[in-house]
Amino acid sequence: GSPRLPVDCEAGVPAEVVLVVDGSWSIGRTDFRRVREFLEGVASRFRIGPNHVRFGQALLHVMEETLGAESGARQYTPLFLILLTDGKSQDDVVAAANRLKGAGVEIIGIGPERGPPTADPILSHPSPTDLRFSELGSREVRLHWTSPVVPAHPVQQYRVVYHSAEGQSPQEVVVNGSVTTVLLGGLSSQTLYHISIFPVFEDNVGLPLRGTVTTETLVSPSDLQVSSSSPSSLEVHWGSAPGATHYMVLYSALNLGEPDDAKELKFGADQTSVDLVGLIPATEYSVTLYALYDEEPSDPITVQGATGNTGLSPLINLTALGLEPQLPMVSHSMLRISWVPGAVDVPGHRVTCSTNHGSDVKQVEVTGVNTVLVPNLSSLSRELSVRWEGAANDVISYLIKWISLSGGGDLRQLRVPGPMSGGGPSAVSVAEETPVSLLVSWVPPNAHVLQYRLSYTALSSAEPHDTTLLLSGSERQVVLQSLLPDTRYSILVTAEYRNKEGGTASTQGKTTSLRVSSVSVLRSDHASMCVSWRPVSVVDGYRIVLQSVK
């Protein structure tokens, strides 16, 4: 051929020129060096300067990191991208190229000229087949595939490229050609991922096997239980959530059915119980538990529990010391206390007894024993428990009067509520959640409730609107219908009597999502594919849309 002559390019206007160099396996290390030398020769022929032509080099994120104004590109200056490649794309480039063209970037491709037709690459360098998934979780999935049978061209490696449908940067894993499975970890929960598996041969890269998979939702804790351990504390237990890194508890006092400002506790994944202390006696609390996966929370579970009344026995104090007391003998003036020591090397124990009001304190110290008799206690004969048959169903209150027969005492009286006093329901709970319904149940306060008034509100609504149901006093549960999917609701249940309104109890519940999850391609070939997904309740059918990515 004719000798190459040097050419100097005098550009009359400034321009931004970006050189993108293909560095994939199919280029090779030697040819990559030759490409760099070629680029040096190309750039040297232009007049380079701040007001003339400027060059940049990029391998990834050309649009964001090189041709954006924040990266120094000049406004109203033509943008050129020169791509040097062997022409064998190993991933999806159509969408990226269209985005660059839409931003006004002129793309110039430099590569080998296409020769005469050759053998079908699908036959000479076929793709793997039968993409399958196992060990599907919220943060990981294992891929399986069948290797192509090509005796003349064995697969050297597999390049597994995956990215989420939200447009995150692709990630890749490379495995040996004899391996047909790989575990992808560090994924986001309930997210659709696109998978491409490229076979890498000695002299070429085959067509990819493609598929999609949706990760599971994060596992929530199970069997949340709350019980009163003292007038000022609640004991919380739950079943562990596999894979969780932390747990978070939110708890708040319920004031007339509405929660106060919630307090928060966080602790490690090995802990499945906690004591909530410093609480208000005889008060109902809402307790909500989350499993945390790093900083990503699971769906919450919520229960309610009430602290006990004051005046509990001194067993609570002994329990707080790590002891398990027993009271086998009680009389009007003495008390025998036995316990199991909290540790084998405790040198001694001090037992303190007092009345409910903190007076008449008795203290005994013992060594080497786990039982003690506390004598000379004040008689409890001053406290009586009174029971009687109800006079009628419409009694509002009873007035009790008493006086000591031993003389020296004043006439005293106490008013206690009757069946019409207005007690409220308890243990309000939510179960059988679907995308459009919730089952609400409760424990009645007594047999004299005329009707229940149930109100519920969607908490996520910009303008909350209460919906009210009136239910017979014999009802113990109701199904809330026509709700919004994936929405948390506040629920209030009030007991109503013949001539007054009774107490109110509250809870919260959340409908499930209508979103289809765990979508995956079980297997595919050149003309068909088998798709599976997790079923969604109360839906009439599914619509499947197929769209070519080419």
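Enquirer: Could you clarify how one ought to interpret the nonpolar core in this entry?
Expert: Grouped together as the largest cluster of nonpolar side chains are 21 residues, with contacts concentrated most on Val236, Trp238, Tyr247, Val249, Tyr251, Leu276 and Val287. Take this core: its biggest share by element is 5 residues, from strand E18 (residues 284-293). Counting residues in hydrophobic clusters, the runner-up holds 20 residues, among them Val430, Val449, Tyr489 and Ile491.

Enquirer: Even after reading the chapter, I still don't get the sheet that holds strand E30 (residues 451-458), so can you show me in this structure?
Expert: As a general point, the strands of a sheet are linked pairwise by backbone hydrogen bonds and lie either parallel or antiparallel. With antiparallel pairing, 4 strands are arranged side by side in an open sheet as E31-E30-E33-E34. The sheet is open, and its two borders are formed by strand E31 (467-472) and strand E34 (501-510), each paired with just one other strand. The mean inter-strand angle of the sheet, taken between neighbouring strand axes irrespective of direction, is 20 degrees. Pairing between E30 and E31: 6 bridges, direction antiparallel. What sits directly across from Tyr456, in E31, is Thr467.

Enquirer: Whenever I open this one, the pattern of salt bridges confuses me. Can you help?
Expert: A side chain of one charge can pair with a side chain of the opposite charge if their charged atoms are brought near each other. Per the counting criterion, the structure on display carries 7 salt bridges. A salt bridge links Arg159 to Glu172; the shortest N-O distance between them is 3.0 Å. With a gap of 13 residues between them, Arg159 in strand E7 (residues 157-164) and Glu172 in strand E8 (residues 171-176) connect regions that are remote in the sequence. Take Arg159: its relative accessible area is 10%, and that puts it in the buried class. Arg453 serves as the salt-bridge partner of Glu496, at 2.1 Å between the closest nitrogen and oxygen. Here the residue Glu496 occupies a position in strand E33 (residues 488-496), and Arg453 occupies one in strand E30, the gap between them amounting to 43 residues. One network of salt bridges, with partners in common, ties together Asp299, Asp486 and Lys510.

Enquirer: Sorry, what's going on with the sheet that holds strand E28 (residues 426-431) here?
Expert: Overall, antiparallel pairing links the 3 strands, which are arranged E28-E29-E32 in an open sheet. Looking at which strands have only one partner, the edges of the open sheet turn out to be E28 and strand E32 (477-480). Averaged over neighbouring strand pairs, the angle between their axes works out to 20 degrees when direction is ignored. Bridge count for strand E29 (residues 438-443) against E32 is 4 bridges, and the pairing is antiparallel. If you follow Leu438 over to E32, its bridge partner there is Leu480.

Procedures and definitions
- Residues numbered from 1 in each chain as written.
- Predicted model: local features only at pLDDT ≥ 70, side-chain atom pairs only at ≥ 80, totals over all residues.
- Heavy atoms only, no water.
- Core = buried A, V, L, I, M, F, W, Y, C linked by side-chain atoms within 4.5 Å.
- Buried < 20%, exposed > 50% of the residue type's maximum accessible area, 1.4 Å probe, protein only.
- Helix = DSSP H or I, 4+ residues; strand = E, 2+ residues; numbered from the N terminus.
- Pairing = 2+ DSSP bridges.
- Axes fitted to C-alpha atoms, helices over the stretch in contact; angles between N-to-C directions.
- Salt bridge = Lys/Arg side-chain N within 4 Å of Asp/Glu carboxyl O.

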